[in-house]
Amino acid sequence: MPTSQDMTTELDPGLLDALQHQVAVFARRAEQTRLGGTGQLRNSMDRAAYLLLNRLDQEGPMGVKALAAGMGIDSSTVTRQVAPLVDTGLVKRTSHPEDGRAVVLQLSPRGQARLEEVRASRRQLMAEVTDGWTPAERDSFCTLLTRFNSALSARQSGLPAAQEAAPGAESAPKS
């Protein structure tokens with residue numbers, strides 16, 4: 001079985017250099033703009049809040065441990081990131097329906113409305129950034145970026161490269 005080093009030497013080093021450079025540029029630009037959207041909502045919700053709200057919207061109420069596992073981060077990180085969302089009324093803490101002692105996190109109606117505003121703004125940004133792309137190009141880019149993110153997630157999880165990350169680990173949000 002070939003090692004990572006063997007596989008790297010089989011590939012075009014110039015292409016790999018260009019790829020890593022473009023990923024680095026993308027990461028910088030994404031952080032600079034926070035890919036936050038357009039208009040008044042530009043940069044209005046940080047990445048962590050968006051990903052937490054999106055996960056709760058997609059999968060429904062869940063406990064901190066389940067939320068952390070689904071996002072591939074530590075429970076203490078989720079606890080720290082969700083606190084301001086609870087304080088601002090975007091997320092509610094409720095009793096678990098089967099175990100009243102346990103707490104679940106749930107998107108509040110205010111959180112749902114805010115998430116929809118941010119999604120609309122971000123959709124507009126994506127439309128503007130990919131203006132002039134064909135639908136097939138947008139689809140290909142989304143497919144490849146999803147595949148790339150899944151491979152990175154699998155690598156961080158210690159899974160073999162061919163295995164995908166946990167279902168929904170970094171899935172695209174519903175529109």
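Here, every reference points to the structure presented above.
What comes next concerns the included structure. (Residues numbered from 1 in each chain as written. Predicted model: local features only at pLDDT ≥ 70, side-chain atom pairs only at ≥ 80, totals over all residues. Heavy atoms only, no water.)

Further remarks concern the overall build of the protein chain. For the protein chain, the count of helices and strands is 7 helices and 2 strands. The linear arrangement of helices and strands in the protein chain, starting from the amino end, is α-α-α-α-α-β-β-α-α. (Helix = DSSP H or I, 4+ residues; strand = E, 2+ residues; numbered from the N terminus.)

Residues Leu19, Val23, Phe148 and Leu152 make up a contiguous nonpolar surface patch of roughly 300 Å² in combined accessible area. Where the nonpolar patch is concerned, the elements lending two or more residues are α2 (13-33) and α7 (135-157). Mapping Leu19 onto the fold places it in helix α2. (Patch = residues over 30% accessible without salt bridge, like charges linked within 9 Å, V, L, I, M, F, W, Y side chains within 5 Å. Areas by Shrake-Rupley, 256 points an atom, 1.4 Å probe, with all protein chains shown as cover. Salt bridge = Lys/Arg side-chain N within 4 Å of Asp/Glu carboxyl O.)

Quick look at the packing of helix α3 (residues 47-59) against helix α5 (residues 75-87) now. It is the contact of α3 with α5, at a shortest axis distance of 10 Å, that shows an interaxial angle of 90 degrees. As summarised for this structure, α3 and α5 are arranged roughly perpendicular, according to the angle between their axes. Side by side, α3 and α5 meet where Ala48, Ala49, Leu52 and Leu53 of the first sit next to Val78, Gln81, Val82 and Leu85 of the second. Tallied by class, the residues present in the contact of α3 with α5 amount to 7 nonpolar, 1 polar and no charged. (Axes fitted to C-alpha atoms, helices over the stretch in contact; angles between N-to-C directions. Parallel < 35°, antiparallel > 145°, perpendicular 65-115°, else oblique. Contact = heavy atoms within 4.5 Å. Nonpolar A, V, L, I, M, F, W, Y, C, P; charged D, E, K, R; others polar.)

Turning our eyes to something else, we now look at the packing of aromatic side chains. For the structure on display, the rule yields 1 aromatic pair. Where Trp133 meets Phe141, the ring centres are 5.4 Å apart and the plane angle is 90 degrees; that geometry is what we call edge-to-face. The exposure class assigned to Trp133 is partly exposed, which follows from its relative accessible area of 33%. Residue placement shows Arg122 over the ring face of Tyr50; its charged tip is 4.1 Å from the ring centre. (Phe/Tyr/Trp six-rings, centres within 6.5 Å; stacked < 30°, edge-to-face > 60°. Buried < 20%, exposed > 50% of the residue type's maximum accessible area, 1.4 Å probe, protein only. Lys NZ or Arg CZ within 6 Å of the ring centre and 35° of its normal.)

A few words on α5. Counted at 1.5 Å a residue, the expected span for α5 with its 13 residues is 18 Å, and the 18 Å between its end C-alpha atoms agrees. Maximum bend of α5: about 25 degrees, positioned at Gln81, with proline Pro84 one to four residues after it. For α5, the complete set of buried residues consists of Thr77, Val78, Val82 and Leu85. (Expected span 1.5 Å × (residues − 1). Bend = angle between axes of the 7 residues up to and from the residue.)

What follows concerns the side chain of Asp57. Among the secondary structure elements, Asp57 is positioned in helix α3. At 3.4 Å, the side chain of Asp57 forms a polar contact with the side chain of Gln112. Separated by 2.9 Å, the side chains of Asp57 and Arg119 make a polar contact. (Polar contact = N/O pair within 3.5 Å; in protein donor to acceptor, adjacent residues only side chain to side chain.)

It is possible for side chains bearing opposite charge to pair when their charged atoms get close. Under the counting rule described, the total for this entry stands at 4 salt bridges. Among the ionic pairs, Arg119 bridges to Glu116, the shortest N-O distance being 2.8 Å. Within this pair, Arg119 and its partner Glu116 are both found in helix α6 (residues 109-129), separated by 3 residues, close to a single helical turn. Under the relative-accessibility criterion, Arg119 is labelled buried at 3%. Assessed through its relative accessible area of 31%, Glu116 is described here as partly exposed. By sharing partners, the salt bridges in this structure join Asp57, Glu116 and Arg119 into a single network.

By themselves these figures say nothing about function.
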